[in-house]
Structures are given as C-alpha cells and as structure tokens.
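Chain and residue survey
Chain by chain, the residues:
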Amino acid sequence: MSYNDVFILAIESSCDDTAAAVLQNDKVLSNVVAGQKIHEEYGGVVPELASRAHQQNIVPVIDMALKKANIDKTQLTAIAFTQGPGLMGSLLVGTSFSKSLAMSLGIPLIAVNHMHAHILAHFIDEEGYEKPDFPFLALTISGGHTQIVKVSSFFDMEIIGQTTDDAVGEAFDKSAKIMGLPYPGGPFIDKFAKDGNPKKFLFTKPKVPNLDFSFSGLKTQILYFIQKNVAINSNFIEDNKADICSSIQYTIIEILIDKLKLAVNQTGINSIVIGGGVSANSGIRKTLKEAQEKYGWKTFIPKFEYTTDNAAMIGIVGYQKYLHHKFDDYSVTSNARIEF
Ligand code: KG4
Ligand code: ZN
C-alpha cells in the first residue's frame, strides 16, 4: 500500500440490486451484490418493494464490502454512488446513505451515471484483461437500455443509436413471460437456447432507420406465434422449449449485430465493448468473440460479475472522477432521468 493509494467505497441502488464495492485505485478489493427475490413472484420489479429492500440491505451490504476488502471506513478516500438513471425510490436510498457517510467521514462525494459505469467497467484492472483504447463503440444492453455509444474518452461519450421502444432485456424478459418462464427470463432463455436450433423458427427483424433499435414488434410477433401454435398443440411450448428460446435469442443477436456493423461502417471505429445485464448472455458473448475473426473487430467482453448491475463499475468511474477532481457537493440529489 502506498501513501497516495485511493480507496473508494462505491454504492449502487438504481434498480433491484443493492450493491457495494471497495476499490484500491483501479483494482477491486470487494464487490458485494444483494439481489431481491421478492420481485420474482410479481413478474417484474415493484418500485415500492425495491426501495424497502434497499433500506434493509444497504447497511449489511456495505459492512460486508468493507470487511471483505479488509479495510476500515476511516481509511476511505471518497464515496461514489449511482445518481441515476433508475427508480427514484431506489436511487434515494443509496444517495442519502452515501451523502451521510461522506459527510460524517469528511471525505469527497462522487455522483456517477449508471450507464457510464456499464461502459467504463472495462477499465477495472483485472489480471489478464486487456483494456480498450479510445475511441471505441459501446453496446449497452440491459433491462432498461439499449444503446450504441461512441466513447472518445472517460468523460466524452455520445449516444449514436438507441431503442425507440423496449430495451433488449425487456425483449428477453417479455418473451420469457409469454413462455411462462420465471422473471427475469433473460437467463432462462439463454440456458434453454443452448440445446436448441436457432433457425428452427424464423422471426422477422424490425426495419428501423440508422442506428436505432425497436423490440416491441418482435415481442408481439412472438406472442402471436406462441398463441397460434398453442391453439394447435397445447404442449407446444414444452415440446419446443429449446428451439423457441434458441430462435428468439438468435433473432435478438442478429438485430444487435446488424446495427453494430452499421455503426462500425459509419464511424470507422472497430473496437467494441459490451456492458449491461444482457451482455451476460452466452450467445452474445460467443457471437462477439467470433466477430473478431469474422469481421476483424476488436471486442471486449468483461467478467460476468461486472456486466450485470454491480458497484465495482460505479467505483471505477468514481476513481477516474477522483483523479480529475470531479467531486459533487453534499447537496447533490438523485436524478431518475439523468441526461447521458
Ligand atoms: O443491467 P441489468 O442487471 O439491470 C438493468 O436493467 O439496469 O440488466 C438486467 C437485464 C434483465 O432484463 C435480464 O433478463 C437480462 O439483463 N439478463 C440476461 C441474461 N442475464 C441477465 N438476458 C439474456 N441472457 C442472460 N444470460
Ligand atoms: Zn444496469
């Protein structure tokens, strides 16, 4: 440990995961996430229940992050937290806690944009993980977002394409719901897709101009397809589960890859990173790995624990902001619809 080491406690509470991490400079010392099972029975995140669960989880989660990192709170240099976007009630829990703790310790407070964090998670120092060079393109795919971002530096990012309706995670989750799979359904589609034929059932891809996306039509198409076939064979879903999942996943990946190809052509940038919960999808990871050979792209796929919502990614943005003296006043507030 050197005297100028920076220790950042990072707190993430934008949706339904309460997360805390401790970073020593750009290295992760601990990364703790408490999920919220309660939403499963409702088939989606219930905001009121999410903020209550954050209230219960936040102290034990932060305690555990400090313990695992083997440091005392008095050793912290700064506190970074998710300011937005997200659910207001959830964000407020992390924001209020971060403000109070920073104030009581007399250390700087750093507000972080959750979507920037999904992108900059690639700068966490991990043995054997090569970091991308600027500029690069980021495909951020989560339950709430689908974006292609041109990233020119840590603090210079521009959205060049995004969804006009549902996010890609919703396309996974809503398709899964139509099939009667539990919430969130993305990981289940991924699991069953592994044993299926991706070309068994053909779905049409939406025609959206430029680099924008649309997923609501696909969801409707899948709904009608399932209803039509279940009317003929009531066991249709059970009998074809793997093939249906594989075909849905294949179509979603095709939609994403088509737009990435266009983005590479338009920008001349062929370095691509992925972030957001959906980038945990094994089909997407495999396709992007193969794209290195197939299209000559350089693709960066982070460790699984840094793709879904986590606090380490908030910490790495906090560290970069700390280095650039980008601090926030103790009067800072949550912003559910923060500008990118
Ligand atoms: O980034 P995230 O953890 O939360 C936000 O939405 O911000 O993303 C959650 C989304 C959910 O829609 C979930 O179904 C999806 O990520 N997801 C997956 C997989 N793992 C998580 N989708 C497809 N395949 C997966 N393996
Ligand atoms: Zn997220």
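Notes on the structure follow. (Residues numbered from 1 in each chain as written. Chains lettered and ligands numbered in written order. Predicted model: local features only at pLDDT ≥ 70, side-chain atom pairs only at ≥ 80, totals over all residues. Heavy atoms only, no water.)

Side note on helix 4 (residues 168–178)
Within helix 4, burial applies to Val168, Gly169, Ala171, Phe172, Asp173, Ser175 and Ala176. Against the buried residues of helix 4 lie strand 6 (136–141), strand 7 (146–153), helix 5 (186–193), helix 6 (216–232) and helix 7 (236–267). One or two steps after helix 4, the chain reaches Gly180, where phi turns positive at roughly 80°. (Buried < 20%, exposed > 50% of the residue type's maximum accessible area, 1.4 Å probe, protein only. Helix = DSSP H or I, 4+ residues; strand = E, 2+ residues; numbered from the N terminus. Contact = heavy atoms within 4.5 Å.)

Things to note about the side chain of Asp243
Mapped onto the elements of the fold, Asp243 is located in helix 7. In this structure the side chain of Asp243 is engaged in a polar contact, spanning 2.7 Å, whose partner is the backbone nitrogen of Asn197. Sequence-distant contacts of Asp243, that is, excluding residues within four places in its chain, are made with Gly196, Asn197, Lys200 and Phe201. (Polar contact = N/O pair within 3.5 Å; in protein donor to acceptor, adjacent residues only side chain to side chain.)

Examining the pairing of strand 7
In the sheet, strand 6 pairs with strand 7 via six bridges, with the strands oriented antiparallel. The residue of strand 7 that forms the bridge with Leu139 is Ile148. Between the end of strand 6 and the start of strand 7, which pair antiparallel, lie four residues. Bridge count between strand 7 and strand 8 (residues 156–162): six bridges; the pairing is antiparallel. (Pairing = 2+ DSSP bridges.)

Thoughts on helix 1 (residues 47–69)
Side chains that are three or four residues apart share a direction in an α-helix, a result of its 3.6 residues per turn. Compared with the 33 Å implied by 1.5 Å per residue over 23 residues, the 31 Å span of helix 1 between its first and last C-alpha is a close match. Where helix 1 bends most, at Asn57, the angle is about 45°, and the proline Pro60 comes one to four residues later. All of the buried residues along helix 1 are Ala50, Ser51, Ala53, His54, Asn57, Ile58, Val61, Ile62, Ala65, Leu66 and Ala69. The elements touched by buried residues of helix 1 are strand 1 (7–12), strand 2 (18–24), strand 3 (27–34) and helix 2 (88–105). Just beyond helix 1, the residue with positive phi is Asn70, at close to 60°. (Expected span 1.5 Å × (residues − 1). Bend = angle between axes of the 7 residues up to and from the residue.)

Here's the deal with the coordination of the zinc ion (ligand 2)
Within the first shell, the zinc ion (ligand 2) binds the protein through His114 (NE2), His118 (NE2) and Asp309 (OD), at distances of 2.1 to 2.2 Å. The sequence pattern formed by the donor residues of the zinc ion (ligand 2) is H-x3-H-x190-D. Remark: Asp309 occurs in the loop between strand 10 (298–300) and helix 9 (312–323) and His114 occurs in helix 3 (residues 114–120); sequence separation between them is 195 residues. Grouping residues by exposure puts His114 and Asp309 together as buried. (Donors = N, O, S within 2.8 Å, 3.2 Å for Na, K, Ca; no water.)

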